[in-house]
Amino acid sequence: MIKLLYFAGLREALGVPAEALALPAGVDTVGTLRAHLAARGGSWQVFATSRSLRAAVNQAMAGMEAPVGSGDEVAFFPPVTGG
Amino acid sequence: MSVSVQKADFDVGAEIAALSAGDDGAGAVASFVGLVRGAGIDAMTLEHYQGMTEKSLAEIVAEACHRWNLRRVRVIHRVGRLLPGERIVFVGVSSSHRRDAFAACEFVMDYLKTRAPFWKKEEGAAGAKWVDARESDDAAASRWEPGGG
């Protein structure tokens, strides 16, 4: 299982702040996880279409190639706008 | 080195005083205060990623301490709903000499704006809208990279 978190405009678009997900076979990176989520269709297609979406694995910024494994906390969010 | 993410306001004078209190080696204190601009908005709500926010701010402060000769660093970032004129963020740095304090203060703000997981949502006459990230903020942060800006 992994813990998934969604923030800001993405959280609102999906209508879900967080979920637990059993990792399907073949999902082992941020990129493959994005493809898996996009396949849910509807508003989830943003995971395939958005170029600006950012990811963090275990609270550190992560690229598409970053590994994802059981027990990880993975977050997706728009570019940050604090300060 | 101290980082806080909080709903409550902060006392700028007290924070600045604390940066050099009891430290006679401090020769300079530089600080920055970010405010909610009132232009066209009624309020602003700041969302954050609890846990990662504190971690990323601590990493930014550690990087500043690595790059400059600093004595103390204080970062406070507010979350929740804020009204125009309210304080959002405080960055304060003390050092022996002014150049380190000025540079580190600006560096911490530039990195905070592009790396710390906060998101602003503005409320105005036309409803609520998430603020878009600005390329100028990325450019400001990249100035501090090797070969940047």
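These remarks concern the structure in this document. (Residues numbered from 1 in each chain as written. Chains lettered and ligands numbered in written order. Predicted model: local features only at pLDDT ≥ 70, side-chain atom pairs only at ≥ 80, totals over all residues. Heavy atoms only, no water.)

Our focus in this paragraph is the overall build of chain A. The secondary structure content of chain A amounts to three helices and five strands. Counted from the first residue to the last, chain A has its helices and strands arranged as β-α-β-α-α-β-β-β. In summary, chain A has a C-alpha radius of gyration of 12 Å against a globular reference of 12 Å for 83 residues, a match within 12%. Considering only contacts within chain A whose residues lie at least 6 apart along the sequence, 54% involve residues at least 24 apart. Of the roughly 3,800 Å² that chain A leaves accessible, carbon and sulfur atoms contribute 56%. Averaging the coordinates of the 6 positive side-chain charges in chain A and doing the same for the 6 negative ones gives two points 8 Å apart. (Helix = DSSP H or I, 4+ residues; strand = E, 2+ residues; numbered from the N terminus. Rg over C-alpha atoms; globule rule 2.2 N^0.38 Å. Contact = heavy atoms within 4.5 Å. Areas by Shrake-Rupley, 256 points an atom, 1.4 Å probe, with all protein chains shown as cover. Lys, Arg positive; Asp, Glu negative; His and termini not counted. Charge placed at Lys NZ, Arg CZ, Asp CG, Glu CD.)

Turning to the side chain of B:Asp110, a few remarks are in order. All names here are of chain B. In this structure, Asp-110 sits in helix 3 (residues 98-115). Taking relative accessible area as the criterion, Asp-110 reaches 10% and is therefore assigned buried. A polar contact is formed between the side chain of Asp-110 and the side chain of Arg-143, at a distance of 2.5 Å. Ignoring any residue separated from it by four or fewer positions in sequence, one finds Asp-110 in contact with Ala-140, Ala-141, Arg-143 and Trp-144. (Buried < 20%, exposed > 50% of the residue type's maximum accessible area, 1.4 Å probe, protein only. Polar contact = N/O pair within 3.5 Å; in protein donor to acceptor, adjacent residues only side chain to side chain.)

On to the interface of chain A and chain B. In this assembly, 20 residues from chain A lie in contact with 25 residues from chain B. Where chain A meets chain B, there are two salt bridges. Its salt-bridge partner being A:Arg11, residue B:Glu47 comes within 2.4 Å of it at the nearest N-O pair. If you look at where chain A meets chain B, you find 14 residue pairs in polar contact (both at pLDDT 80 or more). Broken down by element, the side of chain A that touches chain B gets its largest block of residues, four residues, from helix 1 (residues 8-14) of chain A. For the side of chain A that touches chain B, a count of residues per class yields eleven nonpolar, six polar and three charged. (Salt bridge = Lys/Arg side-chain N within 4 Å of Asp/Glu carboxyl O. Nonpolar A, V, L, I, M, F, W, Y, C, P; charged D, E, K, R; others polar.)

It is worth spelling out the sheet that holds strand 5 (residues 80-82) of chain B at this point. Residue and element names in this part refer to chain B. Taken together, the four strands give an open sheet; going across it, the order is 5-3-7-8, and neighbouring strands pair in antiparallel fashion. Strands at the two margins of the open sheet, each flanked by one partner only, are strand 5 and strand 8 (127-130). Pairs of neighbouring strands in the sheet enclose a mean axial angle of 25 degrees, with direction left out of account. Looking at chain direction, strand 7 (residues 118-124) and strand 8 are connected through four bridges and run antiparallel. Across the sheet, Lys-121 pairs through a bridge with Trp-130, a residue of strand 8. (Pairing = 2+ DSSP bridges. Axes fitted to C-alpha atoms, helices over the stretch in contact; angles between N-to-C directions.)

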